[in-house]
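Topology and contacts: notes
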Amino acid sequence: QVQLVESGGGLVQAGGSLRLSCAASGSIFSINAMGWYRQAPGKQRELVARITSDGNTNYADSVKGRFTISRDNAKNTVNLQMNGLKPGDTAVYYCNAVLQQSWYSSIRTYWGQGTQVTVSS
């Protein structure tokens, strides 16, 4: 069993900052990539930022220059530093991990339960 536990969401004024953290635990052999997605009311879930095991990153165009993703491979954690927040960033943010539970198992995708980020104008 694998669990992804997120923390760090909340309410912030426009221009402010928040830091999201996610820890993966359970039976984990290797993690290929970890990332953050978000879903605003009435919209589809979208990629915010993603980082691979060797440190390659990619970001949604809307957050480039404002958000920074980082990862601690030894601790199976991923963080998202969000600066210059805008009301348009308001959404539920979900942690995502693509991983193997054992050397012989298939690669699967896991999701956290989500954490609310609200940016007021």
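Conventions adopted
- Residues numbered from 1 in each chain as written.
- Predicted model: local features only at pLDDT ≥ 70, side-chain atom pairs only at ≥ 80, totals over all residues.
- Heavy atoms only, no water.
- Phe/Tyr/Trp six-rings, centres within 6.5 Å; stacked < 30°, edge-to-face > 60°.
- Helix = DSSP H or I, 4+ residues; strand = E, 2+ residues; numbered from the N terminus.
- Buried < 20%, exposed > 50% of the residue type's maximum accessible area, 1.4 Å probe, protein only.
- Lys NZ or Arg CZ within 6 Å of the ring centre and 35° of its normal.
- Pairing = 2+ DSSP bridges.
- Axes fitted to C-alpha atoms, helices over the stretch in contact; angles between N-to-C directions.

**Here's the deal with the packing of aromatic side chains**
Overall, the coordinates contain two aromatic pairs when judged by the stated rule. Between the aromatic rings of Tyr37 and Trp111, the centroid separation amounts to 5.0 Å while the plane-to-plane angle is 70°, which identifies the pairing as edge-to-face. Of this pair, Tyr37 sits in strand S4 (residues 30–39) while Trp111 sits in strand S10 (residues 108–111), and the two are 74 residues apart along the sequence. Among the residues examined, Trp111 registers a relative accessible area of 37% and is labelled partly exposed. Here Arg45 stacks its cationic end above the ring of Tyr94, 3.7 Å away from the centre of that ring. Above the ring of Trp111, the side-chain terminus of Arg45 is found at 4.6 Å from the ring centroid.

**A closer look at the sheet that holds strand S7 (residues 67–72)**
Each strand in a sheet pairs with another by means of backbone hydrogen bonds, the pair being arranged parallel or else antiparallel. The sheet built from four strands is open, its strands ordered S1-S3-S8-S7 with antiparallel pairing. If you trace the sheet from one side to the other, it starts and ends with strand S1 (2–7) and S7, each paired once. On average, each strand axis in the sheet is tilted by 15° relative to the strand beside it, whichever way the strands run. Pairing between S1 and strand S3 (residues 18–26): six bridges, direction antiparallel. Within the sheet, the bridge partner assigned to Val2 lies in S3 and is Gly26.

**Remarks on the pairing of strand S11 (residues 115–120)**
The two faces of S11 differ: Thr115, Val117 and Val119 on one face are buried, but Gln116, Thr118 and Ser120 on the other face are not. Two elements, strand S2 (residues 10–13) and S11, share four bridges in a ladder whose sense is parallel. Looking at S11, one finds that Leu11 is bridged to Thr118. Pairing geometry for strand S9 (residues 91–100) and S11, over three bridges, is antiparallel. When the sheet's bridge partners are listed, Val92 is paired in S11 with Gln116.

Keep in mind these values describe shape, not function.
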